[in-house]
Amino acid sequence: MIGAQKRSKHGVKENADLLIVNANELVTVEGGSQKPRTGAQMQELGIIRNGSLAVKDGKIVAVGKTPDIIRVFKSENVINANGKTVLPGFVDAHTHLVFAGSREDEFHMRVEGTSYLEILGAGGGILRTVRETRKASVEKLGDLTVERLDVMLEHGTTTVEAKSGYGLTTKDELKILEVVQRANQLHAMDVVPTFLGAHAIPLEYQGSPQGYVGLVVDEMIPKVAEKGLAEFCDVFCEKGVFGLEQTRRILSAGKGSGLKPKVHADEMSQLGGAELAADFGAVSADHLLFSSDEGLRAMADKGVIAVLLPAAAFSLMNGRFADAKVMINFGVPVALGTDFNPSCMVENMQLVVAFACHFMKLTSAEAITAATINAAHAVGRAGEVGSLEVGKKADVIVLDVPNHKFLGYSFGVNLVDKVVKNGRVVIDKEARKSEFPILKE
Ligand SMILES: [Zn+2]
């Protein structure tokens, strides 16, 4: 057992605010807080059988075998995880959380074969969501955001990254980031803000993309930084969106203002986004469907995290997914995210884990590592979340399955029994058990 051994000496038990006991598997994912896990380490989950953990003041104070923990701790709040699997809360490393409207009709166009970039080129896609988001009030966007965070939490996500990028004017980008900030203050979820003013060239700048890059660099980034509204700066580096030179200019300006670089790289074409991310020392490069081997090797050398978004690739419907196995072989740390946005409407990281297993051939263990500690590194939170270790936030999920291999294997349903956020039980399916089974009248 780690933590608190000395206190048991006189037989007086220490009070914990919460105990989770008897877990069939307690998946700690311990030991990866300093550096993201790579290669074979991604298989190491640090599983404790008949595991238990103790929580005090929102933090984990002990982790170990159940008999060892209950010898030392008592609590009025005990979760019996007998037959269940306990994991760190999921970290969703890439979302476009704040937007108004929806695009289900464009989904049908995609089903019939129109491509994402064709829809964007015709003023749809991101640009349509921009029109609707500009019109929406802060209150409306706030309500939508909170509803989405509730759904994410219900599915076991306890930390989420959120990008701006549907404003594309200084005023509207600030509005979105203020909604993110407010959501982080109000909602149980931890929300990590990223500035993505370079998400698309807005209609009013279609004739002068350089003018828009100038606006992002000279006006938006300084204002965002001055107001402390973002930690990361991201760019949609893609053919017909922002090129390599523009991406460099924007990320440099962000870096100069203290915003750490991230990049949407090689999603729909091989533009050299992976190479740029490595060259630039980006924290992460995301998507990477078309990256070259040289680009991926360079990312491995520089420790740039690959944030893979299989649900986004799934919704693009062209049958292509990032080559996660090659990345893992090269030593690139792999993380996962939903890419929740109006063209990829999924809040559920369990489904993303399943997609990672089915389409990218990750094992359940690799996908869990990617969705917890490595995702925490990708959003700058590995010191406080992403594993079940003493001193970290008590962000814990209890799944109604006997072992971790059910993640990926059982898909399309919510396996969450309980979600504990900062030591507080915020989702409890067990409490609703009396409603089941639902019988004929
Ligand atoms: Zn994205």
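So, a few notes on the structure that sits alongside this text. (Residues numbered from 1 in each chain as written. Predicted model: local features only at pLDDT ≥ 70, side-chain atom pairs only at ≥ 80, totals over all residues. Heavy atoms only, no water.)

### Notes on the overall build of the chain
Then, number 1: Scanning the chain from N- to C-terminus turns up 16 helices and 18 strands.
Then, number 2: The C-alpha radius of gyration computed for the chain amounts to 22 Å, which stays within 12% of the reference 22 Å derived for 441 residues, consistent with globular compactness.
Then, number 3: Referenced to the eigenvectors of the C-alpha coordinate spread, the extents of the chain come out at roughly 75 × 55 × 45 Å.
Then, number 4: For the chain, the residues scored as buried account for 60% of the 441 residues in total. (Helix = DSSP H or I, 4+ residues; strand = E, 2+ residues; numbered from the N terminus. Rg over C-alpha atoms; globule rule 2.2 N^0.38 Å. Buried < 20%, exposed > 50% of the residue type's maximum accessible area, 1.4 Å probe, protein only.)

### Thoughts on the packing of helix α9 (residues 273–280) against helix α10 (residues 293–302)
Then, number 1: With their axes 8 Å apart at the nearest point, α9 and α10 run at an angle of 20° to one another. Taken together, the axes of α9 and α10 are roughly parallel relative to one another. Relative to α10, the crossing made by α9 is left-handed. Two secondary-structure elements touch here, α9 through Ala-274, Glu-275, Ala-278 and Asp-279 and α10 through Glu-294, Gly-295, Leu-296, Ala-298, Met-299 and Lys-302. (Axes fitted to C-alpha atoms, helices over the stretch in contact; angles between N-to-C directions. Parallel < 35°, antiparallel > 145°, perpendicular 65-115°, else oblique. Left-handed = near helix turned anticlockwise from the far one by under 90°. Contact = heavy atoms within 4.5 Å.)

### So, the packing of aromatic side chains
Then, number 1: The full count for this structure, using the stated rule, is 9 aromatic pairs.
Then, number 2: Taking 5.7 Å as the distance between ring centres and 35° as the angle between the ring planes, the aromatic pair formed by Phe-99 and Phe-340 counts as tilted. With Phe-99 in the loop between β8 (90–92) and α2 (104–111) and Phe-340 in the loop between β15 (334–336) and α13 (349–360), the pair connects residues that are 241 residues apart, well separated along the chain. Each member of the pair, Phe-99 together with Phe-340, is buried.
Then, number 3: With 5.8 Å between their ring centres and 35° between their planes, Phe-314 and Phe-359 make a pair best called tilted. Placement of the pair is Phe-314 in helix α11 (residues 310–316) and Phe-359 in helix α13, with a sequence separation of 45 residues.
Then, number 4: For Phe-314, a relative accessible area of 43% gives the class partly exposed.
Then, number 5: Taken together, Phe-314, Phe-321, Phe-355 and Phe-359 form an aromatic cluster joined through their ring pairs.
Then, number 6: Sitting over the face of the ring of Phe-330, Arg-297 holds its NZ or CZ atom 3.9 Å from the ring centroid.
Then, number 7: Positioned above the aromatic ring of Phe-290, the side-chain terminus of Arg-320 is 3.8 Å from the ring centre. (Phe/Tyr/Trp six-rings, centres within 6.5 Å; stacked < 30°, edge-to-face > 60°. Lys NZ or Arg CZ within 6 Å of the ring centre and 35° of its normal.)

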